[in-house]
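# Architecture at a glance
Letter by letter, the chains look like this.
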Amino acid sequence: MGFNCGIVGLPNVGKSTLFNALTATQAAEAANFPFCTITPNVGRVSVPDERLQKIADLARPEKIIPTQFEFVDIAGLVRGASRGEGLGNKFLTNIREVDAIVHVLRCFEDANVVHIEGGIDPVRDAETVETELMLADLESLEKRVPALTKRVRGGDKDAKLELDMVERATQALAAGNHARSLAVADPERRAFRMLQLLTAKPVLYVCNVEEANAAQGNKHSARAEAWARANGAEAVTISAQIESEVAGLADPKDRAAFLTDLGLAETGLARVIRAGHRLLGLIAFFTAGPKEVRAWTVARGATAAEAAGAIHTDFARGFIAAETIAYADFISRGGEQGAKEAGKMRQEGRDYAVQDGDVILFRFNV
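This text gives an overview of the structure that appears in the document. No experiment lies behind these values; they were computed from the predicted model shown.

## Side note on the sheet that holds strand 6 (residues 203-208)
Here we have six strands laid out as an open sheet, ordered 2-4-1-5-6-7, and mixed in their pairing. In the strand order of this sheet, the two ends are held by strand 2 (41-46) and strand 7 (234-238), each with one partner. Between one strand axis and the next, the sheet turns through 25° on average, direction left out of account. Pairing between strand 5 (residues 100-106) and strand 6: six bridges, direction parallel. Its bridge partner being in strand 6, Ile101 is matched across the sheet by Val203.

## Some remarks on the nonpolar core
Of all hydrophobic cores here, the largest spans 51 residues; its most connected members are Leu18, Phe69 and Phe71. Those residues in contact with Phe69 that sit more than four places away from it in its chain are Phe3, Cys5, Gly43, Arg44, Val45, Val47, Gly276, His277, Leu280 and Leu282.

## What about the packing of aromatic side chains?
Considering all chains together, one arrives at six aromatic pairs under this definition. Note on Phe69 and Phe71: the rings are 5.4 Å apart at their centroids and 80° apart in plane angle, and the pair reads as edge-to-face. The residues Phe69 and Phe71 share a single accessibility class, namely buried. The interplanar angle of 80° and the centroid separation of 5.4 Å between the aromatic rings of Tyr205 and Trp227 together place this pair among those described as edge-to-face. With Tyr205 in strand 6 and Trp227 in helix 7 (residues 219-230), the pair connects residues that are 22 residues apart, well separated along the chain. As far as burial versus exposure is concerned, Tyr205 and Trp227 are alike and both buried. What links up through ring pairs into an aromatic cluster is the set Phe285, Trp296, Phe319 and Phe362.

## Regarding the environment of Ala256
Relative to the helices and strands, Ala256 is located in helix 9 (residues 252-261). In the structure, Ala256 is positioned ten residues away from Glu266 in sequence and 7.9 Å away in space, judged by C-alpha atoms.

## Notes on the layout of surface pockets
Counted as a void, the largest pocket has a volume near 590 Å³. What lines the largest pocket is a set of 24 residues, and nearest its centre among them are Val47, Pro48, Asp49, Glu50 and Arg274. Mapped by element, the contributors of at least two residues to the lining of the largest pocket are strand 2, helix 2 (50-59), helix 10 (268-279) and strand 8 (282-288). Considered class by class, the residues forming the lining of the largest pocket number twelve nonpolar, four polar and eight charged.

## Concerning the environment of Met194
One can find Met194 in helix 6 (residues 189-194). Residues Met194 and Glu162, spaced 32 residues apart in sequence, show a C-alpha to C-alpha distance of 8.0 Å. Non-local contacts of Met194, meaning those with residues more than four positions away in its chain, are made with Arg144 and Glu162.

## Focus on the state of the cysteines
This structure, assessed with the given rule, holds zero disulfides. Here Cys207 stays free of any disulfide, with the sulfur of Cys107 as its closest cysteine sulfur at 4.4 Å.

## What to know about the packing of helix 1 (residues 15-23) against helix 8 (residues 240-247)
Contact geometry of helix 1 with helix 8 gives a least axis separation of 8 Å together with a crossing angle of 30°. Comparing the axis directions of helix 1 and helix 8 gives the class roughly parallel. Relative to helix 8, the crossing made by helix 1 is left-handed. Of the residues in helix 8, those in contact with Thr17, Leu18 and Ala21 of helix 1 are Ala240, Gln241, Glu243, Ser244 and Ala247. The residue makeup of the contact of helix 1 with helix 8, split by class, is four nonpolar, three polar and one charged.

## Section: the pattern of salt bridges
Inspection of every chain in the model, using the stated rule, returns 19 salt bridges. Where Glu162 meets Arg144, a salt bridge forms, and the shortest distance between an N and an O atom there is 3.3 Å. Placement of the pair is Glu162 in helix 5 (residues 157-174) and Arg144 in helix 4 (residues 122-153), with a sequence separation of 18 residues. Taking relative accessible area as the criterion, Glu162 reaches 8% and is therefore assigned buried.

What counts and how
Residues numbered from 1 in each chain as written. Predicted model: local features only at pLDDT ≥ 70, side-chain atom pairs only at ≥ 80, totals over all residues. Heavy atoms only, no water. Pairing = 2+ DSSP bridges. Helix = DSSP H or I, 4+ residues; strand = E, 2+ residues; numbered from the N terminus. Axes fitted to C-alpha atoms, helices over the stretch in contact; angles between N-to-C directions. Core = buried A, V, L, I, M, F, W, Y, C linked by side-chain atoms within 4.5 Å. Buried < 20%, exposed > 50% of the residue type's maximum accessible area, 1.4 Å probe, protein only. Contact = heavy atoms within 4.5 Å. Phe/Tyr/Trp six-rings, centres within 6.5 Å; stacked < 30°, edge-to-face > 60°. 1 Å grid on protein atoms, 1.4 Å probe; cavity = no way out; pocket = protein on both sides within 12 Å on 5 of 7 lines; lining within 4 Å. Points joined across faces, edges and corners; volume = space filled by probe spheres on them. Nonpolar A, V, L, I, M, F, W, Y, C, P; charged D, E, K, R; others polar. Disulfide = S-S within 2.5 Å. Parallel < 35°, antiparallel > 145°, perpendicular 65-115°, else oblique. Left-handed = near helix turned anticlockwise from the far one by under 90°. Salt bridge = Lys/Arg side-chain N within 4 Å of Asp/Glu carboxyl O.

Shown next as structure tokens:
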């Protein structure tokens with residue numbers, strides 16, 4: 001099961017620098033001019049999770065494999081993108097294909113790096129992108145009306161539900177509210193997803209500050225964070241330049257010392273990745289054995305059968321049981337054997353809702 005976040009923002013805000021740091025590569029050329037990133041670059045990153053190492057310390061496996069998360073570096077957007085300005089059409093197509101949005105806001109001052117709008121104002125920049133996405137959604141909804149109306153006249157009940165959702169979404173967008181603000185009941189969720197609205201995607205704002213302000217942020221990031229909270233979104237403040245420098249240090253001890261000197265407890269990237277995980281409502285479960293200890297990603301609420309399928313379709317097809325130990329019990333009892341002897345290993349059926357941190361051994365027969 002794959003999940004990804006698209007990194008978006010105006011040109012020259014640090015998107016590609018952040019992407020390069022996230023993937024520890026120079027796959028995206030970071031340059032001081034608009035539209036540097038034309039083709040979306042895709043990178044997979046490991047999700048930081050201290051629980052993985054603690055499980056491995058007890059299981060003593062040959063390998064430790066973290067779960068991974070995908071980031072897509074998307075071309076910079078400019079005002080008028082919804083009308084095709086700049087690389088607008090390509091931008092909108094690429095963003096439609098991701099599960100969530102990581103919106104990078106420029107919160108750093110640097111006279112050597114031009115700002116396409118002429119000055120530093122992260123709230124204005126955020127609203128510019130939001131407006132373009134809203135306009136694109138309104139255009140998309142308008143195009144759906146004739147065909148849906150025709151189907152409704154023919155007695156199509158699904159079309160009626162979808163048309164009602166189109167009308168509600170149009171009203172919200174016309175009033176200046178993104179599609180995420182709509183209250184969608186369970187029976188309506190499928191119709192809502194079918195609309196593929198850009199402003200329905202969850203958003204994480206990343207406030208990119210100067211190196212000197214990486215630990216505490218600055219006035220620009222403080223304003224951007226307050227704006228994000230007021231709009232029901234999460235924000236993380238980092239210095240993409242520092243993250244790029246840290247990513248270039250191969251020795252973990254050097255990385256730790258570098259961060260300590262800057263007054264940082266961990267990398268900003270770790271916070272971005274974890275926030276992205278939360279944004280999509282994801283959890284991790286673990287498998288542990290002598291060959292490997294591994295983390296796996298599933299959506300919150302996933303069943304044991306669905307979690308088994310995340311490993312291999314045969315596990316789901318021939319599912320018998322999920323022998324499950326809560327993470328806290330696995331650690332406190334010294335591993336699988338201790339947990340089993342203490343009666344902390346449970347046999348769960350295919351409909352069991354997997355909990356974050358569960359250590360699971362799947363029994364199956366194909």
